[in-house]
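Residues per chain are reported as follows:
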Amino acid sequence: MATTQLLSSFKYSDSLAVVAISFCTAIVCEAISWLLIYRTNSYKSLKSSIDKAAKKLETMKTEQNPNKLSTKKSKTKKIDRVESSLKESSRDLSLFKFKSGAVVALVLIVVFGFLNSLFEGKVVAKLPFKPIGIVMKMSHRGLKGEDSTDCSMVFLYFLCSISIRTNLQKFLGFSPPRGAAGAGLFPMPDPKTS
């Protein structure tokens, strides 16, 4: 009881509570992802095939033989084959991650609902700047008053979730393979086919 009063009288207690809950949520989400994705053999084989294809593609693009036209055409065909296999593996990896994404989304929705009821109408932080348009609508959501530097739980939780989870994935080694960057369910269109 005394520690609760001590924490509630602390100037930044609401901000720290949102950050701590965001950190704990990120750990729970990564644990779920590890259980459903990262520990499976199919994920490990997909990741290694993407890494191998990315390294092969990188070495093929750096090697140059400027003289022969026929070798240039065959090299272009080989590069296209490696690129297509890399895209296919990246797409398979994205589809494989989709099932844990649904569970993680459910966890995030539940935590967001809990936080929203806990901090409804409360200012949890003060922004050191006056935000513009759409950012102000998000940072001031659910708050009464006209002070645009007031920050609601929604904005702080959003920023913390993005930054903490991304850095936690990198720290734990769960970030996507480097060859899969930019790929996904909706990859960039191939300029060669246009």
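Residues numbered from 1 in each chain as written. Predicted model: local features only at pLDDT ≥ 70, side-chain atom pairs only at ≥ 80, totals over all residues. Heavy atoms only, no water.

Going by what an unreviewed UniProt entry lists, the protein is known as Calcium load-activated calcium channel and is assigned to Hibiscus syriacus. Recorded under Subcellular location (unreviewed entry), the UniProt text for the protein is reproduced unchanged: "Endoplasmic reticulum membrane". You can read under Sequence similarities (unreviewed entry) in the UniProt record for the protein the words "Belongs to the TMCO1 family." (UniProt positions renumbered as here; feature names shortened; annotations may be inferred.)

Draft legend 1. Broad picture of the packing of aromatic side chains. Here the structure, examined in full by the defined rule, presents two aromatic pairs. The interplanar angle of 75 degrees and the centroid separation of 5.1 Å between the aromatic rings of Tyr38 and Tyr43 together place this pair among those described as edge-to-face. Here Phe112 and Tyr157 contribute two aromatic rings whose centre-to-centre distance is 6.2 Å and whose plane-to-plane angle is 45 degrees, an arrangement assigned as tilted. One end of the pair, Phe112, is in helix H4 (residues 69–118); the other, Tyr157, is in helix H6 (residues 153–172), with 45 residues separating them in the sequence. The buried category is assigned to Tyr157, whose relative accessible area is 5%. (Phe/Tyr/Trp six-rings, centres within 6.5 Å; stacked < 30°, edge-to-face > 60°. Helix = DSSP H or I, 4+ residues; strand = E, 2+ residues; numbered from the N terminus. Buried < 20%, exposed > 50% of the residue type's maximum accessible area, 1.4 Å probe, protein only.)

Draft legend 2. The arrangement of the packing of helix H2 (residues 13–38) against H6 in detail. Packing of H2 against H6 brings their axes to within 8 Å, and their N-to-C directions diverge by 45 degrees. The orientation of H2 relative to H6 falls into the category oblique. The two elements H2 and H6 cross, and the hand of that crossing is right-handed. Between H2, through Ser15, Val18, Val19, Ser22, Phe23, Thr25, Ala26, Ile27, Cys29, Glu30, Ser33 and Tyr38, and H6, the contact on the second element is made entirely by Met153, Leu156, Tyr157, Cys160, Ser161, Ile164, Arg165, Leu168, Gln169 and Leu172. Within the contact of H2 with H6, the residues separate by chemical class into 14 nonpolar, six polar and two charged. (Axes fitted to C-alpha atoms, helices over the stretch in contact; angles between N-to-C directions. Parallel < 35°, antiparallel > 145°, perpendicular 65-115°, else oblique. Left-handed = near helix turned anticlockwise from the far one by under 90°. Contact = heavy atoms within 4.5 Å. Nonpolar A, V, L, I, M, F, W, Y, C, P; charged D, E, K, R; others polar.)

Draft legend 3. Molecular detail of the UniProt feature "transmembrane region" (unreviewed entry) in the protein. UniProt tags residues 16–38 and 101–119 as "transmembrane region" (unreviewed entry). In residues 16–38, the share of helix is 100% and the share of strand is 0%. The end C-alpha atoms are 30 Å apart.

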